[in-house]
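Secondary and tertiary structure notes
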Amino acid sequence: MPTHDHSPAHPLATALALSLGAAIALGLSRFSYGLLLPPMRADLGWSYLLAGAMNTFNALGYFLGALATPALMRRLGVWRLLMTGCVLASIFMLMSGLVSDTTTLFLQRVCAGVASAFIFIAGGVLAARLGSMHSQRAGFYIGLYYGGTGFGIALSALLVPAALAAAQEHGAAHAWQWPWLALGIACLLATAIMALPAKAIGEAPRALDTPRRFAWRDFAPSLAGYFMFGVGYIGYMTFVIALLKQQGMPPARITVFYTLLGLAVVASSRIWARMLDRYKGGESLAILNAVLGVVSILPALTSFVPVVFLSGLVFGAVFLSVVASTTALVRHNLPQQSWTAGITAYTTVFALGQIVGPIAVGWIADGPAGLERGLIASAIALFIGAALAARQKALAPAA
């Protein structure tokens with residue numbers, strides 16, 4: 001495994017290729033489910049609580065994967081773990097298209113979540129390493145990695161309705177299975193494109209890998225704020241499509257809505273890069289959480305199309321930058337040998353928040369006030385997250 005310190009020849013192309021890791025881990029593997037929830041719920045007779053639990057189980061797997069990642073990273077190296085996660089996630093996505101039993105689907109969502117954590121953390125470490133080689137553009141490269149999730153969301157928005165329509169045309173027993181198969185194939189293709197550029201970043205020198213201490217107490221306000229972000233944002237991403245369908249938005253318009261949301265995620269790396277480089281404490285996390293809280297409420301208050309589209313665009317332009325802000329926080333306040341421990345700590349609380357979010361919002365949505373009340377609960381969680389994160393002070397960087 002290479003331990004070189006020289007930068008890849010084409011850092012922007014490398015960052016773009018690496019961003020496909022985030023596209024697989026979140027865009028294709030998790031957020032595509034928002035599009036699949038309505039047809040799966042209709043076909044399998046699920047309540048909103050049960051439908052939300054699918055994303056809760058995915059987040060549970062993500063949590064377990066985050067706990068296992070540091071040890072596996074030491075054993076396999078960052079690049080090997082990234083590739084292992086990508087291949088496993090692709091296989092589990094394909095398997096979701098071959099079964100219709102609810103328990104088996106839950107199990108596969110757990111396994112896909114584990115694989116996603118391997119990808120997301122390993123990719124985040126490589127993105128931070130690429131950023132450290134180009135400190136002038138570090139915020140941009142880190143943001144671009146997380147923004148890659150948007151490529152996955154936009155691709156899902158196009159793939160899922162097309163595969164669903166094809167399945168219905170061919171009289172498939174469970175039309176929603178075809179999109180899972182299409183998404184699994186897309187994951188495999190993205191893995192193949194990413195493999196060599198990601199390897200070019202290289203491993204951190206082994207000597208840097210020994211001290212891995214992370215003082216949770218020093219980062220408590222931002223960790224708590226990030227937990228609330230996990231609770232709040234996932235409610236929107238799980239249920240907003242179901243709400244738009246319920247409000248009578250035509251399928252073609254929903255495709256445009258979700259595609260634009262995905263493209264806004266990609267653009268977010270450029271929009272917030274300067275802020276991520278500038279603020280050393282919890283300011284970025286607080287600002288972004290507050291903006292998300294405002295736009296999450298909008299579809300619950302009105303079905304007026306321009307307002308709903310504004311909600312999706314701004315949500316897309318912000319939510320993955322919240323994740324990037326925690327990586328920037330780690331980079332600003334910890335030595336490089338502690339980055340893996342820091343990123344893993346944030347990923348762990350993020351995963352816990354995502355376990356709580358979909359079940360809580362689904363339970364609220366099953367009540368008399370419906371999906372609208374669920375989205376309002378998501379927004380409240382985000383506002384609480386903003387208030388907590390604002391209390392995070394910058395630390396003097398360790399020597």
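Residues numbered from 1 in each chain as written. Predicted model: local features only at pLDDT ≥ 70, side-chain atom pairs only at ≥ 80, totals over all residues. Heavy atoms only, no water.

Assigned secondary structure in the chain consists of 15 helices and zero strands. Each principal axis of the C-alpha atoms in the chain carries an extent, and together these give about 60 × 40 × 35 Å. Counting only residues that meet the buried cut, the chain has 60% of its 399 residues in that class. Working note: accessible area of the chain is about 14400 Å², and carbon and sulfur atoms make up 68% of it. Treating the 23 positive side-chain charges of the chain as one cloud and the 11 negative ones as another, the clouds have centres 8 Å apart. (Helix = DSSP H or I, 4+ residues; strand = E, 2+ residues; numbered from the N terminus. Buried < 20%, exposed > 50% of the residue type's maximum accessible area, 1.4 Å probe, protein only. Areas by Shrake-Rupley, 256 points an atom, 1.4 Å probe, with all protein chains shown as cover. Lys, Arg positive; Asp, Glu negative; His and termini not counted. Charge placed at Lys NZ, Arg CZ, Asp CG, Glu CD.)

This next bit is on the nonpolar core. In terms of nonpolar packing, the biggest core is built from 128 residues, with Phe31, Phe120, Phe229, Met237, Phe257, Tyr258 and Phe319 touching the most fellow members. The greatest single-element share of this core, amounting to 15 residues, is contributed by helix α5 (residues 102-133). Excluding anything up to four places from it in sequence, phenylalanine 31 contacts Leu26, Thr149, Ile153, Tyr233, Ile234, Met237, Tyr258, Phe319 and Leu320. (Core = buried A, V, L, I, M, F, W, Y, C linked by side-chain atoms within 4.5 Å. Contact = heavy atoms within 4.5 Å.)

This paragraph deals with the packing of aromatic side chains. Applying the stated rule across the entire model yields 22 aromatic pairs. Where phenylalanine 120 meets tyrosine 145, the ring centres are 6.0 Å apart and the plane angle is 35°; that geometry is what we call tilted. Of this pair, phenylalanine 120 sits in helix α5 while tyrosine 145 sits in helix α6 (residues 138-147), placing them 25 residues apart in sequence. Judged by its relative accessible area of 1%, tyrosine 145 is buried. A centroid spacing of 4.9 Å and a plane angle of 20° characterise the contact between tyrosine 226 and phenylalanine 350, whose relative ring orientation is stacked. One end of the pair, tyrosine 226, is in helix α9 (residues 220-246); the other, phenylalanine 350, is in helix α14 (residues 339-365), and 124 residues separate them in sequence. With respect to burial, tyrosine 226 and phenylalanine 350 carry one shared label: buried. Note that arginine 30 overlies the ring of tyrosine 62, its terminal NZ or CZ placed 4.8 Å from the centroid. Just above the ring of tyrosine 48 sits the side chain of arginine 41; from NZ or CZ to the centre is 3.7 Å. (Phe/Tyr/Trp six-rings, centres within 6.5 Å; stacked < 30°, edge-to-face > 60°. Lys NZ or Arg CZ within 6 Å of the ring centre and 35° of its normal.)

Glancing now at the pattern of salt bridges. Throughout the structure, instances matching the rule amount to one salt bridge. As a salt-bridge pair, arginine 331 and aspartate 277 come within 3.9 Å of each other at their nearest N and O atoms. Of this pair, arginine 331 sits in helix α13 (residues 305-333) while aspartate 277 sits in helix α11 (residues 273-278), and the two are 54 residues apart along the sequence. (Salt bridge = Lys/Arg side-chain N within 4 Å of Asp/Glu carboxyl O.)

Attention shifts here to the packing of helix α2 (residues 33-44) against helix α3 (residues 48-76). In helix packing, the relevant descriptors are the interaxial angle and the interaxial distance, both defined with respect to the helix axes. Across the interface, α2 lies against α3 with an axial gap of 11 Å and an inter-helix angle of 145°. Every pair of crossing elements has a handedness; the one defined by α2 and α3 is right-handed. Contacts between α2 and α3 involve Tyr33, Leu37, Met40 and Arg41 from the former and Tyr48, Ala51, Met54 and Asn55 from the latter. Of the residues that constitute the contact of α2 with α3, the class distribution is six nonpolar, one polar and one charged. (Axes fitted to C-alpha atoms, helices over the stretch in contact; angles between N-to-C directions. Left-handed = near helix turned anticlockwise from the far one by under 90°. Nonpolar A, V, L, I, M, F, W, Y, C, P; charged D, E, K, R; others polar.)

This part is about a nonpolar patch on the surface. Together, Val87, Leu88, Ile91, Met95 and Leu98 make up an exposed nonpolar region whose accessible area comes to about 400 Å². Its location among the elements puts methionine 95 in helix α4 (residues 78-96). The class for methionine 95 is partly exposed, based on a relative accessible area of 31%. (Patch = residues over 30% accessible without salt bridge, like charges linked within 9 Å, V, L, I, M, F, W, Y side chains within 5 Å.)

What follows concerns the state of the cysteines. This structure, assessed with the given rule, holds zero disulfides. With no disulfide of its own, cysteine 86 lies 8.2 Å from the sulfur of cysteine 187, the closest cysteine sulfur. Cysteine 187 provides the cysteine sulfur closest to cysteine 111, a residue in no disulfide bond, and the two sulfurs are 15 Å apart. Owing to a relative accessible area of 26%, cysteine 111 belongs among the partly exposed residues under this scheme. (Disulfide = S-S within 2.5 Å.)

The subject of this paragraph is the environment of phenylalanine 309. With respect to the element layout, phenylalanine 309 can be found in helix α13. Owing to a relative accessible area of 16%, phenylalanine 309 belongs among the buried residues under this scheme. Measuring from C-alpha to C-alpha, the distance between phenylalanine 309 and arginine 74 comes to 44 Å, with 235 residues separating the pair along the chain.

Here we come to the side chain of threonine 259. One can find threonine 259 in helix α10 (residues 251-271). Residue classification places threonine 259 among the buried positions, given a relative accessible area of 15%. Discounting residues that sit within four places of it in the chain, threonine 259 has contacts with Ala154, Ala157 and Leu158.

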